[in-house]
Each structure stands twice: as C-alpha cells, then as structure tokens.
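# Structure at a glance
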Amino acid sequence: MYRREGDTFYVFATKAGADTHPDWYHHLKANPAAAIEVGAERFAVVASEIEGGERDRIYQSHAASFPQFADYQAGTIRTIPVFALVPT
C-alpha cells in the first residue's frame, strides 16, 4: 500500500506490526534507486527514509485513512519506517 502526495509516493515498512523490518526495507536502504508500478505506469524512483516530524505527519495521515496502520504501530516496539519514493 502507498500514499501519494503530489509526485511523491510514500511506502510504509509495517510488516503488519512485526518487531522487525520487512526485507524490502533493507534492500531500499542498500540501493535507493528503484522502480515502481502504479496501475499501468512504471516509474524510476529514488527512495529516502523520512524521519522525525515529517515521518509522523505522513504516517498519521495514512493511519487516519487506513486505521490498521495505527494498529500496526501500536503493536510494535519499533518506529515503523516511511520511505519517500521520488520519480527521477
């Protein structure tokens, strides 16, 4: 699941509230150049992890639309990472 604001796509490393990051988190950290498909469109993107207040704003906005994301955060000891995927 993703959130789009303007040209930026945001993805959430929830792993359904597990206490470890999903594998794709480590892949994006190691190689932030990636490609995504949204519907029939494909985009080359650069990923960057969002932190602090910006991360909190994006995550809370997403959780307001999809309450299970609030449950995921409440169910884990880690702060769930958020990545911005910016088309190149």
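Residues numbered from 1 in each chain as written. Predicted model: local features only at pLDDT ≥ 70, side-chain atom pairs only at ≥ 80, totals over all residues. Heavy atoms only, no water.

## Regarding the pairing of strand β4 (residues 41–50)
As a reminder of what qualifies: When DSSP finds two or more bridges between two strands, those strands count as paired. Runs of H or I in DSSP of at least four residues are treated as helices and runs of E of at least two as strands, each being numbered from the N terminus.
As paired elements, strand β3 (residues 33–38) and β4 share six bridges and run antiparallel to each other. Residue Ala 34 lies in a different strand from β4, and its bridge partner there is Val 45. Where β3 folds back onto β4 in an antiparallel hairpin, the turn is made up of two residues, including Gly 39, whose phi is positive at roughly 60°. Pairing of β4 with strand β5 (residues 82–87) involves six bridges; the strand directions are antiparallel. Bridge pairing in β5 links Ala 47 to Leu 85.

## A few points about the sheet that holds strand β2 (residues 8–12)
Put simply, the test is: All axes are obtained by fitting lines to C-alpha atoms, using only the stretch in contact for helices, and the reported angles, taken between N-to-C directions, cover 0 to 180 degrees. For this analysis, residues touch if any pair of their heavy atoms sits within 4.5 Å.
Strand order in this open sheet of five strands is β1-β2-β5-β4-β3, and the pairing throughout is antiparallel. In the strand order of this sheet, the two ends are held by β1 (2–5) and β3, each with one partner. Neighbour-to-neighbour, the strand axes of the sheet open up by a mean angle of 35°, direction not taken into account. As defined by bridge partners, β1 adjoins β2 across four bridges and the pair is classed as antiparallel. Residue pairing across strands places Arg 4 opposite Phe 9, the latter belonging to β2. The strands that helix α1 (residues 23–30) touches are β2, β3, β4 and β5; relative to β5, the one it contacts most, it runs at about 50°.

## Some thoughts on the pattern of salt bridges
The line we're drawing: When a carboxyl oxygen of Asp or Glu is within 4 Å of a side-chain nitrogen of Lys or Arg, the pair counts as a salt bridge. The buried label goes to any residue with under 20% of its type's maximum accessible area, the exposed label to any with over 50%, and the partly exposed label to all in between, with areas taken from a 1.4 Å probe on protein chains only.
With the rule as written, the count across this model stands at five salt bridges. A salt bridge links Arg 57 to Glu 5; the shortest N-O distance between them is 3.1 Å. Residue Arg 57 is located in helix α2 (residues 52–65), and its partner Glu 5 is located in strand β1; the two are separated by 52 residues in the primary sequence. For Arg 57, a relative accessible area of 39% corresponds to the partly exposed category. Classification of Glu 5 as partly exposed rests on a relative accessible area of 25%.

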